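# Descriptive structure summary
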Amino acid sequence: MSDQSMISLDGVTKVFTTEDVETHALAGIHLDIRKGEYVTIAGPSGCGKSTLLAILGLLDSPSSGAYTLNGQAVQNLKLGDRARIRNREIGFIFQAFNLIGDLTVYENVELPLTYRGMGSAERRKRVHEALERVGMSHRVKHYPSQLSGGQQQRVAVARALVGSPSILLADEPTGNLDSANGESVMELLSELHRSGATICMVTHDPRYALLAQRTIRLFDGRIVEESVGTVS
Amino acid sequence: MLEDLRGAVHRLFKKPGAAAAAVIALAVGIGLSTSMYSVADALLLRPLPIPDIDRVVMLGAMSESDPASFHSVTPYDFSHYALSSRSTETLAASRPWAANLTGAGDPVPIEGARVTSSFFEVMRIQPLLGRVFLKEEDSPGSDRSVVLSHNLWERQFGASPDILGRTIELSGRAFQVVGVMPKGFTFPPPSDFWVPLALTFAEWTGSDAFYLRVCGRLQPGTTLDQARAEFKVLAGDLARQFPANHGRLSARVELIRHRVSGDLTPQYTRITIAAALFLLFIACLNVAGLQFSRVLSRTREMAVRGALGAPRLRLLRQVVAESILVALAGAALGLFVAAWSLDLMKSSMPPEVERFLPGWQRLGLNGLVLFYTALTAVAAGIVSGLGPALWLSRTPILENLHESGRSATGTAARHRLRNFLVAGEIAVALVLLSGAALMVKGFRAIGRLPVTTDPARVLTLRITLPQHRYPDHLAVAAFQGRLLDSLSRAPGVQSAAITSNLPYSDSTNRSFVTIEGRPSIPGGRPQDVAQVQNISGSFFPTLGIPLLRGRAFSGAESRDAQRTAIVTAAFVKDYFPGEDPLGRRFHLGDGAWWTITGVAGDVLHNFTGRAPEPLVYLPYTQSGWGAFDVALRTSGDPYTLMPQVRQAVRDIDPSQPLALVRSFRKLIDDSTIGIGYVASILSVLAGVALFLAVLGVYSLMAGSVRERTREIGIRLALGARRPHILRMVFREGLLLAAVGIPVGLASSLGAATLLRRFLFGVTSLDPLAFVAMPLALTCALLAAGLIPALRATRTDPLIALRHE
């Protein structure tokens, strides 16, 4: 792990066992992500992109290998500790937005802060700031079903940002959007990166992969190529 | 429609687990409701196997000051009514007769009636064997025929086909058996035989003694109100003719099926039917919840059907057909539940109580009951299916077509209907729980009423001396004196007493009271009435009733000496407030003055008495009757005294049988069995209701957790920990309780107000019903939510996020 690394994976493997079959989703992944870096993970379907992202987001744990986040070994943490780190250090942006339909835009964005036990005044301030940043502050009382796909994804980005996480993990964030909305969301991520956010994004789309500083290509659970992109 | 039903069957078999749960819930609800209806059918609608029963009435005298009263009439009254009435086809008179069946093994006490030959004409029941009475048997001297009940024929004569023409002895007099009635006929209850009334001409002209019970059959097309109006006019004739004893009387006409059911049975039956319907409603809500889950899984299919042009009614019918099918299956299974519960009720009814419940023997599943079951099933099917069907048919087609493409989770709208159903279940379950709690607590309180000290140590029995062998007071008093003397000396007996009627024995004697120096009846207060009870001197220690002042009877009071009486504290409170009652005199309408020599503690004579009535005790030696109760106190098991009692009676009169031999505890229990039944039935119904409500909450929360899997995954991904998820799921259950319990409490208060008149020894605002039951229900609901909540906390966020 280099001195500046925020995330460091060392020999991480992930094996799924079903009945008599063992599937090696990840095989010996070594990866460092520095603070403020914008990394994309690319590769064909089934190459292990989502598994890697799930391990990075502490939604899953590696079968072997070491995972260090901000200097702390996190690969063997208990469920409660992983939840706490997820809440404070990681912001998720999903392909399917995953907003909660019964909550308003405001309540959706506020959700990670309520799990943190933050006071309501501070929460209000942060939610409004986050929604300002994604340009959705005029829709605080709306429900997700009243928004377009692009707007829903902006709200999801605000929810990922609101807790000031160390890193934003985005899983195909434009997968459910038309091209105009997709570009708009990618523009938003680029802006966030320019203002200092660390981003790790899984994408199929080579145009969006090029927006990152670095692209990691996976194939059969291994990193087969790393390339440096052009960040706008 | 056929296609809808075929489709419904197919879908039900596709998810047999959920269908089975719905069928079982409805089977319990419909089954218990059917058994309660069966009780109503047997006891209220058709208590007697009389053809065209709604044309058969009973006629009695009614005190103008007490419209609820229903007295016997005099023979003269009967003759007047029979000759003058145009609203009735036939009128018949009867008079109960407690006789001793002798000459066929051990003497047996049996109850029957002396009836006019028109009695069976009114009843229109053909005898099973032989004949009923002929007109000429109404005359004295030609009246030695007897018709037996089916029960007595089986019990005492082994259902012998040769019974006709046989001579039997009733209280020492020979009667020839001329007929046997069919099973189930016993009127007036608990009649086991009928003999001709055969009054003499002089007796028929008597207008002073009110001892005849009258029944009649209305003319075809005559209404009950028309008959009432006519008999009111005829009673007016009698009042003008005999102002002294008929002046304040009118006539009362009631359907026979209302009179034979008594006052409490119809009300108890209504309570249990209402409770069973409440339970059925809970079951319907439960099934509606299950149906809703099934419907949710078909939203896409329905949307496609709608898009293809299916009319809304057709979609609605599809879902309701499924519910009706489930309900019919539930009804089929429910018939087993009904049969089982009816068997249980029948087997737990003591024979000595059953005799007084006309129709109980015929309790079972018949055509009318099956029709009720089918009707209930269809109604339950509609109730449980209509809500989900309406919801589904109103959901916009486009929304459902894109259902699986949603990118945000949303369950509130879907849950609103189910939440409403489960909150309703909770509310209704609480009504049943609190109602049952009140009834059970009340019933237990009755069991603890301070009737006497330690009633389990007292043996009681009834003796009815035949009039032809004990024709006057002296003969009766001699028998009683010898019996008391013998029993008092028997080993193990602490004290022995005789009394005209024991508390709780369902037999009371009331009389007008006129205090010396105060206005007499008529002109006195109509409430100047007291219970009158004849007792031996040892009555108070035997029953454990305290003598508060004065002295007890010595047993030597003769009829010629000064007549003495002991009154109760309630009597003193009513008649001598602030005065010394000792030495004061009163009479009971017969002119004889009774001097008060003692004051005894109060005692309740039945559990429906809110407060003890004024009561007068008279010495049996000065006012005894041929029918009386015996009470024996012992230090051990009272039943061990039975051989000595039998021997003591046999020594005096070998042909004298004993009746109703039981401990005083058993006597009290038998008299409260009706309310005990209601309390037990309500407890069972409330228990099932609680189970269904818990099941409803569990199903709803389990379903909710299942549907919210993805949402839970999102929350976990955002950093929610187990307590957060646990709280989230529990909050849903608590919200249901927070809505259902206040609604249930408000409804329970209403129900308790309605139940108030059936609650004895407990207030309608008892904390058990209104604090403990809601708390218990809340705990049960929380427990029901625990499993789904814990399951939710074990959700794997990765799997959950992939969940559709």
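In this report, the structure presented in the accompanying data block is examined. (Residues numbered from 1 in each chain as written. Chains lettered and ligands numbered in written order. Predicted model: local features only at pLDDT ≥ 70, side-chain atom pairs only at ≥ 80, totals over all residues. Heavy atoms only, no water.)

### Comments concerning the overall build of chain A
Of regular secondary structure, chain A possesses seven helices and eleven strands. Considering only C-alpha atoms, chain A reaches an extent of 50 × 40 × 40 Å along its principal axes. Looking at chain A as a whole, 54% of its 232 residues qualify as buried. Considering only contacts within chain A whose residues lie at least 6 apart along the sequence, 67% involve residues at least 24 apart. Both charge centroids of chain A, one from 24 positive and one from 26 negative side chains, sit 7 Å from each other. (Helix = DSSP H or I, 4+ residues; strand = E, 2+ residues; numbered from the N terminus. Buried < 20%, exposed > 50% of the residue type's maximum accessible area, 1.4 Å probe, protein only. Contact = heavy atoms within 4.5 Å. Lys, Arg positive; Asp, Glu negative; His and termini not counted. Charge placed at Lys NZ, Arg CZ, Asp CG, Glu CD.)

### Here we look at the overall build of chain B
On a plain count of helices and strands, chain B comes out with 27 helices and 23 strands. For chain B, the spread of C-alpha atoms along the three principal axes comes to 105 × 60 × 55 Å. Per-residue burial for chain B yields a buried fraction of 54% across its 804 residues. If you take every contact in chain B between residues at least 6 apart in sequence, the share linking residues at least 24 apart comes to 82%.

### So, the interface of chain B and chain A
Each partner contributes to the interface: chain B provides 21 residues, whereas chain A provides 25 residues. In total, about 2,000 Å² of surface goes out of reach between chain B and chain A, with carbon and sulfur atoms giving 58% of it. Summed over the shared surface of chain B and chain A, the result is zero salt bridges. Where chain B touches chain A, the interface holds four residue pairs in polar contact (both at pLDDT 80 or more). When residues of the side of chain B that touches chain A are traced back to their parent elements, those giving at least two are β11 (408-409), α24 (709-717), α25 (722-755) and α27 (797-802) of chain B. Ranked by residue count, the leading element in the side of chain B that touches chain A is α24(B), at six residues. (Buried area = accessible area lost by both parts, 1.4 Å probe. Salt bridge = Lys/Arg side-chain N within 4 Å of Asp/Glu carboxyl O. Polar contact = N/O pair within 3.5 Å; in protein donor to acceptor, adjacent residues only side chain to side chain.)

### With respect to the sheet that holds strand β8 (residues 167-171) of chain A
Residue and element names in this part refer to chain A. Ordered by their spatial adjacency, six strands build an open sheet running β6-β8-β9-β3-β10-β11, and the pairing between neighbours is mixed. At either end of the open sheet lies a strand with only one pairing partner, and these are β6 (90-93) and β11 (222-228). The sheet shows a mean angle of 20° between the axes of neighbouring strands, taken without regard to direction. Sheet topology places β6 next to β8; four bridges connect them, and they run parallel. Within the sheet, the bridge partner assigned to Ile93 lies in β8 and is Ala170. Against the sheet, helix α1 (residues 49-56) contacts β3 (38-42), β6, β8, β9 (199-202) and β10 (214-219), and its axis sits at roughly 155° relative to β8. Strand contacts of helix α5 (residues 149-161): β6 and β8, with the helix running at about 170° to β6, the strand carrying the most contacts. (Pairing = 2+ DSSP bridges. Axes fitted to C-alpha atoms, helices over the stretch in contact; angles between N-to-C directions.)

### Observations regarding unusual backbone geometry
Geometrically, the link from B:Phe187 to B:Pro188 is a cis peptide bond, its omega value of -10° lying close to zero. Relative to the assigned elements, B:Pro188 resides in the loop between β7 (173-180) and β8 (193-196). Residues other than glycine seldom take positive phi values, yet A:Asn70 does so here, at roughly 50°. For A:Asn70, a relative accessible area of 42% corresponds to the partly exposed category.

### Describing the pattern of salt bridges
Residues and elements named next belong to chain A. All told, the structure shown has 35 salt bridges over all chains when counted by the stated rule. Among the salt bridges present, the one from Glu37 reaches Arg214, with a minimum N-O distance of 2.6 Å. With Glu37 in the loop between β2 (21-34) and β3 and Arg214 in strand β10, this residue pair connects regions lying 177 residues apart in the sequence. Relative accessible area serves as the criterion here: at 11%, Arg214 is assigned to the buried category. Arg214 is the partner of Glu226 in a salt bridge, and the nearest nitrogen-oxygen pair spans 2.8 Å. One end of the pair, Glu226, is in strand β11; the other, Arg214, is in strand β10, with twelve residues separating them in the sequence. Look at Glu226 and you get partly exposed, because its relative accessible area is 45%. The network of salt bridges with shared partners includes Arg34, Glu37, Arg214 and Glu226.

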